[in-house]
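Geometric and topological summary
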Amino acid sequence: DKYCVVNITGSGDPFGSKLFRELLFSIDGSKYPNVFFNLQTNGVMFTPKYWDKMKKIQNNINTVIVSYDAGTPETYKITRRGGDWDQLQKNMKFLSSLRQDDLINELRIDCVVQTANYQELDKLVQIGMDLKVDRVYFSLIVDWGTWTPEVYEQNCVWKKTHPKFNDFIKILQNPIFDEPIVDLGNLTESRRLFLVHVAEQLKK
């Protein structure tokens, strides 16, 4: 049978938008058994109360993607300004329980890698393992035009010209990144560069 997947949202939190909230709280999923929803959220508002309000589409929830972008509360204040680390942890434990009970099909943590958080990537994987998520997905920060070119370059820690580049690729040697839940996305090339670097050093 054909099915349709609706992604809500990649341009803001679904629970932070009145329009999306009303959609999620009012639509009757039983009328659309072949329609599934992927929810991309910062996790702070994804509470048991809001889950209950979505009772008519709970069976239609496919993937829940939670943007973390940090492995500690201190860095979270920088990368997710206005967020609430403690509330996020509470909600993630709840989401983890939903996943363990197969009430959602997939639970994923996302991290946009930048200078502020590259030293905590292993911590984020451990958080994902503790929460028994399906995937921890990493991606490189993209220039959306919100920073000056100079500030953007300062955040591109994966570039060979960045002063912290060598530290960055050393971080990726941690075997925790070989865990099955890890999806390095476009960081895969950065890890390959580290392995090439090690091989060159061994030849000397």
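Shown above is the structure to which this text applies.
A quick note: this is a predicted structure, and the numbers were derived from the prediction, not measured.

Looking only at helices and strands, the chain features 8 helices and 6 strands. Along the chain, helices (α) and strands (β) appear in the sequence β-α-β-α-β-α-α-β-α-β-α-α-β-α when read from the amino end. Considered along the principal axes of its C-alpha atoms, the chain spans approximately 65 × 35 × 35 Å. Split into buried and exposed, the 204 residues of the chain put 43% on the buried side. With an accessible surface of roughly 11,500 Å², the chain has 51% of that area assigned to carbon and sulfur atoms. Charge separation in the chain, taken as the distance between the mean sites of 26 positive and 26 negative side-chain charges, equals 2 Å.

Overall, parallel pairing links the 6 strands, which are arranged S1-S2-S3-S4-S5-S6 in an open sheet. Every interior strand has two partners, whereas the edge strands, strand S1 (4-8) and strand S6 (182-183), have only one. Taken together, the 2 bridges between strand S5 (residues 135-140) and S6 define a ladder with parallel strand orientation. Its bridge partner lying in S6, Val136 is registered against Val182. Against the sheet, helix H4 (residues 85-100) touches strand S3 (61-67) and strand S4 (106-113), its axis set at about 140° to S4. Along the sheet, helix H5 (residues 121-131) makes contact with S4, S5 and S6, crossing S4 at roughly 170°.

Looking at the element boundaries, Ser67 is found in strand S3. Put simply, Ser67 and Val136 are 69 residues apart on the chain and 10.0 Å apart in space, counted from C-alpha to C-alpha. Residues contacting Ser67, with those up to four places away along its chain left out, are Thr41, Asn42, Arg80 and Asp110.

Attention now goes to the environment of Asp86. Examined against the element boundaries, Asp86 turns out to sit in helix H4. The spacing of Asp86 and Pro73 is 13 residues in sequence and 8.0 Å in space, taken between C-alpha atoms.

Moving on, we come to the packing of aromatic side chains. Enumeration over the complete set of coordinates arrives at 9 aromatic pairs. Seen in terms of ring centroids, Phe138 and Phe177 are 6.2 Å apart; in terms of plane orientation they differ by 70°. Their pairing is edge-to-face. With Phe138 in strand S5 and Phe177 in the loop between helix H7 (165-171) and S6, this residue pair connects regions lying 39 residues apart in the sequence. Within the aromatic cluster, the residues linked to one another by ring pairs are Phe15, Phe25, Phe46, Tyr50 and Trp51. Sitting over the ring of Phe25, Lys53 keeps its end group 5.8 Å from the ring centre. One cation-aromatic arrangement involves Arg108 over Tyr137; the distance from NZ or CZ to the ring centre is 4.8 Å.

All right, on to the pairing of S5 then. Relative to S5, S4 runs parallel, the two being bridged by 6 bridges. Each residue of the ladder has a partner; that of Arg108, found in S5, is Arg135. In this region the chain leaves S4, passes through H5 and returns to the parallel neighbour S5; the handedness of that crossover is right-handed.

Attention shifts here to H5. Residues of H5 that are buried include every one of Leu121, Leu124, Val125, Ile127, Gly128 and Leu131, and no others. All buried residues of H5 fall inside an arc of 155° around its axis, so they share one side. Buried residues in H5 make contact with H4, S4, S5, H7 and S6. At the exit of H5 stands Lys132, carrying a positive phi of roughly 60°.

A few words now on the layout of surface pockets. If you add up the space inside the largest pocket, you get close to 890 Å³. Surrounding the largest pocket, 29 residues form its lining, Ser67, Asp69, Arg80, Val112 and Trp144 being those nearest its centre. Listing elements by their share of the lining of the largest pocket, those giving two or more residues are strand S2 (35-41), helix H3 (73-79), S4 and S5.

Tyr68, Met92, Phe138 and Phe168 are the most contacted members of the largest nonpolar core, which has 53 residues in total. The element contributing the most residues to this core is H4, with 6 residues. If we ignore the near neighbours within four places in the chain, the residues touching Phe138 are Cys111, Val113, Leu121, Leu124, Val125, Phe177, Val182, Asp183, Leu184, Gly185, Asn186 and Leu187.

Here is what the cut-offs are and how they apply
Residues numbered from 1 in each chain as written. Predicted model: local features only at pLDDT ≥ 70, side-chain atom pairs only at ≥ 80, totals over all residues. Heavy atoms only, no water. Helix = DSSP H or I, 4+ residues; strand = E, 2+ residues; numbered from the N terminus. Buried < 20%, exposed > 50% of the residue type's maximum accessible area, 1.4 Å probe, protein only. Areas by Shrake-Rupley, 256 points an atom, 1.4 Å probe, with all protein chains shown as cover. Lys, Arg positive; Asp, Glu negative; His and termini not counted. Charge placed at Lys NZ, Arg CZ, Asp CG, Glu CD. Pairing = 2+ DSSP bridges. Contact = heavy atoms within 4.5 Å. Axes fitted to C-alpha atoms, helices over the stretch in contact; angles between N-to-C directions. Phe/Tyr/Trp six-rings, centres within 6.5 Å; stacked < 30°, edge-to-face > 60°. Lys NZ or Arg CZ within 6 Å of the ring centre and 35° of its normal. Right-handed = clockwise from strand over helix to strand, strands pointing away. Arc of directions from axis to C-beta. 1 Å grid on protein atoms, 1.4 Å probe; cavity = no way out; pocket = protein on both sides within 12 Å on 5 of 7 lines; lining within 4 Å. Points joined across faces, edges and corners; volume = space filled by probe spheres on them. Core = buried A, V, L, I, M, F, W, Y, C linked by side-chain atoms within 4.5 Å.

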